[in-house]
Amino acid sequence: MATKMDVDEDVGPAPPDLNRLYDLDSYLKPFDKEIKRRYKCFVEVLEHINQHEGGLEKFSRGYENFGIHVTEDGGLVMREWAPGAVELYLMGDFNGWNKTSHSFEKKPFGKWELVLPPKDDGSCPLDHLSKYKLVVKDKNGHLLERICPWAKYTIPSNETKIYEAMFWNPPEKYVFQQSRPATPRSLRIYESHVGISSWEGKVADYKHFAYNVIPRIKKQGYNCIQMMAIMEHAYYASFGYQITSFFAASSRYGPPDDLKLLIDTAHKEGITVLLDVVHSHASKNVLDGLNQFDGTNACFFHAGSRGNHDLWDSRCFDYTNWEVLRFLLSNLRWWMEEYQFDGFRFDGVTSMLYHSHGIAHGFSGGLGEYFGLPTDSESLTYLTLANHMLHELYPNCITIAEDVSGMPALCRPVSEGGNGFDYRLGMAIPDKWIKILKEYKDEDWNIGDIVHTLINRRHGEKTIAYAESHDQALVGDKTLAFWLMDAEMYTNMSCSSEMTVTVDRGLALHKMIRLITHGLGGEGWLNFIGNEFGHPEWLDFPRVGNNSSFHYARRQWNLVDDDLLRYKFLNNFDRDMNLTENHFGWLADKQAYVSSKHEGDKVVVFERGGCVFVFNFHTHQSYTGYRIGCDVPGKYKIVLDTDDPAYGGHSRLDHTTEFFTEPIEHDKRANSIQVYMPARTGFILAKQDD
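Residues numbered from 1 in each chain as written. Predicted model: local features only at pLDDT ≥ 70, side-chain atom pairs only at ≥ 80, totals over all residues. Heavy atoms only, no water.

1. Observations concerning the packing of helix α9 (residues 428-439) against helix α14 (residues 501-520)
Alright, step 1. The N-to-C vectors of α9 and α14 enclose an angle of 155°; their axes lie 12 Å apart at closest approach. Viewed along their axes, α9 and α14 adopt a mutual orientation that is roughly antiparallel. Considering how the two elements wind past one another, α9 and α14 form a crossing that is right-handed. Every residue of α14 that contacts α9 at Ile-429, Trp-433 and Leu-437 is listed here: Arg-505, Ile-513, Ile-516 and Thr-517. (Axes fitted to C-alpha atoms, helices over the stretch in contact; angles between N-to-C directions. Helix = DSSP H or I, 4+ residues; strand = E, 2+ residues; numbered from the N terminus. Parallel < 35°, antiparallel > 145°, perpendicular 65-115°, else oblique. Left-handed = near helix turned anticlockwise from the far one by under 90°. Contact = heavy atoms within 4.5 Å.)

2. Side note on the sheet that holds strand β20 (residues 398-401)
Alright, step 1. Strand order in the closed barrel formed by 8 strands is β12-β13-β16-β19-β20-β21-β22-β23, and the pairing between neighbours is parallel. Taking each pair of neighbouring strands and ignoring which way they run, the sheet shows an average axis angle of 30°.
Alright, step 2. Bridge analysis of strand β16 (residues 272-277) against strand β19 (residues 343-346) gives 4 bridges, and the strand direction is parallel. Across the sheet, residue Asp-276 finds its bridge partner in β19, namely Arg-345. (Pairing = 2+ DSSP bridges.)

3. Structural notes on the side chain of Thr-265
Alright, step 1. Position of Thr-265 among the secondary structure elements: in helix α5 (residues 256-268).
Alright, step 2. In contact with Thr-265, not counting residues within four places along its chain, are Ala-210 and Ile-214.

4. Examining the layout of surface pockets
Alright, step 1. The computed volume of the largest pocket comes to approximately 810 Å³.
Alright, step 2. Lining of the largest pocket is provided by 35 residues; of these, Tyr-241, Trp-312, Glu-402, Asp-471 and Leu-474 occupy positions nearest its centre.
Alright, step 3. If one sorts the elements of the lining of the largest pocket by residue count, helix α11 (residues 470-473) sits on top with 3 residues.
Alright, step 4. Within the lining of the largest pocket, the residues separate by chemical class into 16 nonpolar, 12 polar and 7 charged.
Alright, step 5. Together, 24 residues line the second largest pocket, and Val-404, Ser-405, Gly-406, Ala-428 and Asn-456 are the ones closest to its centre.
Alright, step 6. Secondary-structure elements contributing two or more residues to the lining of the second largest pocket are β21 (423-425), α9 and α10 (447-455).
Alright, step 7. Classifying every residue of the lining of the second largest pocket gives 9 nonpolar, 10 polar and 5 charged. (1 Å grid on protein atoms, 1.4 Å probe; cavity = no way out; pocket = protein on both sides within 12 Å on 5 of 7 lines; lining within 4 Å. Points joined across faces, edges and corners; volume = space filled by probe spheres on them. Nonpolar A, V, L, I, M, F, W, Y, C, P; charged D, E, K, R; others polar.)

5. Focus: the side chain of Glu-80
Alright, step 1. Among the structural elements, Glu-80 can be located in strand β4 (residues 76-81).
Alright, step 2. Of the buried charged residues, Glu-80 lacks a salt bridge, with Lys-152 as the closest side chain of opposite charge at 8.3 Å.
Alright, step 3. Ignoring any residue separated from it by four or fewer positions in sequence, one finds Glu-80 in contact with Phe-66, Gly-67, Leu-88, Phe-104, Gly-110, Lys-111, Trp-112, Leu-134, Cys-148, Pro-149, Trp-150 and Phe-293. (Buried < 20%, exposed > 50% of the residue type's maximum accessible area, 1.4 Å probe, protein only. Lys, Arg positive; Asp, Glu negative; His and termini not counted. Salt bridge = Lys/Arg side-chain N within 4 Å of Asp/Glu carboxyl O.)

6. What to know about the confidence of the model for the protein
Alright, step 1. Residues of the protein with pLDDT of at least 70 account for 98%, and the chain-wide mean is 95.
Alright, step 2. Under a pLDDT of 50 for its full length, residues 1-5 has, in the predicted model, 8 contacts with residues more than four places off or in other chains. (pLDDT = per-residue confidence, 0-100.)

7. Details of the environment of Arg-412
Alright, step 1. Within the secondary structure layout, Arg-412 lies in the loop between β20 and β21.
Alright, step 2. Taking the relative accessible area as the measure of exposure, Arg-412 reaches 17% and is therefore buried.
Alright, step 3. Measuring from C-alpha to C-alpha, the distance between Arg-412 and Ile-359 comes to 25 Å, with 53 residues separating the pair along the chain.
Alright, step 4. Beyond its immediate sequence surroundings of up to four residues, Arg-412 is in contact with Leu-21, Leu-24, Gly-418, Asn-419, Gly-420, Phe-421, Gly-460 and Glu-461.

8. Focus on the pattern of salt bridges
Alright, step 1. Evaluated as defined, the whole model comprises 54 salt bridges.
Alright, step 2. A salt bridge links Lys-133 to Glu-164, with the shortest nitrogen-to-oxygen separation between them at 3.7 Å. Here Lys-133 is found in strand β8 (residues 131-137), whereas its partner Glu-164 is found in strand β11 (residues 163-166), with 31 residues between them in sequence. As far as burial versus exposure is concerned, Lys-133 and Glu-164 are alike and both buried.
Alright, step 3. A salt bridge links Lys-284 to Asp-313; the shortest N-O distance between them is 2.9 Å.

9. Considering the nonpolar core
Alright, step 1. Core analysis: the largest hydrophobic core is formed by 172 residues, its most contacted members being Trp-335 and Trp-433.
Alright, step 2. Trp-433 has contacts with Trp-445, Ile-450, Leu-454, Ala-467, Leu-480, Ile-513, Ile-516 and Thr-517, leaving out every residue within four places of it along the chain.
Alright, step 3. Ile-628, Tyr-636, Phe-659 and Leu-685 belong to the second-largest nonpolar core, a separate cluster that totals 17 residues. (Core = buried A, V, L, I, M, F, W, Y, C linked by side-chain atoms within 4.5 Å.)

10. Describing the packing of α9 against α10
A pair of packed helices is captured by two measures, namely the crossing angle of their axes and the spacing between those axes.
Alright, step 1. Remark: α9 packs on α10, axes separated minimally by 9 Å, with the N-to-C direction vectors making an angle of 160°. Our classification of the angle between α9 and α10 gives roughly antiparallel. Of the two possible hands of crossing, α9 and α10 adopt the one that is left-handed. Contacts between α9 and α10 involve Ala-428, Ile-429, Lys-432, Trp-433 and Ile-436 on the former and, on the latter, Asp-449, Ile-450, Thr-453 and Leu-454.
Alright, step 2. The residue inventory of the contact of α9 with α10, partitioned by class, reads 6 nonpolar, 1 polar and 2 charged.

11. What about the packing of aromatic side chains?
Alright, step 1. All chains considered together, the criterion is met by 45 aromatic pairs.
Alright, step 2. On the numbers, 5.3 Å between centres and 15° between planes, the contact of Tyr-319 with Tyr-382 is stacked. On the criterion of sequence distance, the pair formed by Tyr-319 in the loop between β18 (314-315) and α6 (322-338) and Tyr-382 in helix α8 (residues 377-393) is long-range, its members being 63 residues apart. We note that Tyr-319, like Tyr-382, is buried.
Alright, step 3. Judged by centre distance (6.1 Å) and plane angle (75°), the ring pair of Trp-335 and Phe-341 falls under edge-to-face. (Phe/Tyr/Trp six-rings, centres within 6.5 Å; stacked < 30°, edge-to-face > 60°.)

Put into structure tokens, the structure is as follows:
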């Protein structure tokens, strides 16, 4: 650790551990001034917060001051930030929905305050679950109904379907029974959506997920759940990415305490829980969202075109605004404190990083693309501040960036001049697999290109690898299993029927694609709910365009639970792949050494985590006595095999066979082994203790 901070007169103080970044990537040195300038922007905001707000810890507890709160005497105090409002009022069940009888007092800096005394009997003036709204008087004298930005619980009106705030003040508070689990050594993420987690055609709830899905996740060997669509979103079909109430857990799955029960249940099983947080944009909804909250087109967002995301039809935050920073940082603290989440997957990071939002921007990897005017420094400063806060206050917090651009140092510590994320998603990997399955015959697969895609990540910046996520399952695309087997998933998945060529190929490649991605593609693994057993078809939420059907907005657990169907084979393999990783820990190990990527033979061999991974992607050619490189001498045995009959394979490999290395150099490895390599098979060899 540097003992003092170097200062460049032009750009200010340098990150104290900047040289560590340059040791990892010396090609970043030409951009030294820009890296220092970005760090200076972060430091300046942090110093202002320390000076004027008493530090980040206090500043990020805005939810304790803003919104509606019970006072010690049983009354209420409500505070809001509405700089464009001329007057502000509160109405609701408590006052017969009188729009102007309860007015706020105007405070400095666009803030407003309302104090309500307790009822005559000393009870709270608002009953638990009573509805309330804000009324904004704009500069034109119009009275505009608005929802509280800090609302903790919102439900749709039976008449209008517009979401309304409900005062959440239960007589008994939920008490967590479990502490947060230890941070996983290797991150194996189960990407989840509560609403689709039932096989029935309905919106499933938090309790269903806690009692029925978490046991499945645990059994499959996952140690982390990424929760999608938790932040309240009025439009279900937005998949949770058009947020209307940032502090409210979605009520369509149940009350707030049921989400706490879900997280408590996961923690009891030792499973870490991440929230899919959306701070990249917000819904355009006015009556039940943040848009035009104070009667102006700005407030939380940029005014003019910069405040609109044209592709997503949403609003873009003004990250330079003091109260917006308070709102967003407090939002992160709220989910960590109130619900005991263990971290976040930040959605839409690429959109935040660039003024273009990444639209029609093909990133070539040239470093100049990242350190010039196209980058949005204000958004970058917010992300850096958010990561700094989370890791300072919660050292075990995990943050993941959804970034496809490859921004250098995004996943390096802030002290190095990085932006502080722990991981980024390896978004190029699933795109590559879908492209291959859609456009190429099996015999034309480019092995070198596949390997390059799997290992093409920034050294020292951890990546979450995945073969498919919710993106690939959405309507307009298909799951990997459906690309591989298509219509035969309806007719030929019964164990009592003959194994067709299509299903045989599909099962084999599904397992191989997932295993090579798991082993080679990153420092973490992600699977979308249901894909572990090859969930068929695609994902489509009920909407006007599909007659409000739930048919494709569910998970057909009946398929994998039926012992007479072949889905169980993929599920078994997924489980044992995760359990094998848990034993050997290759995700936590350094990047793999690829000793062979033979184009003609369609063979890939690499070493990682003390294991040797072997893949033969050839459509029909098996190899006997095939020599592969191996650095560590000794005795090896097969510990996982895609051709195992437990996984729907043909049992062409004998797991009792002992493989002894020979001191024969091969593929630049000091030792080598001769193996039998069946066509369309992947397996793992592990060294045995003497």
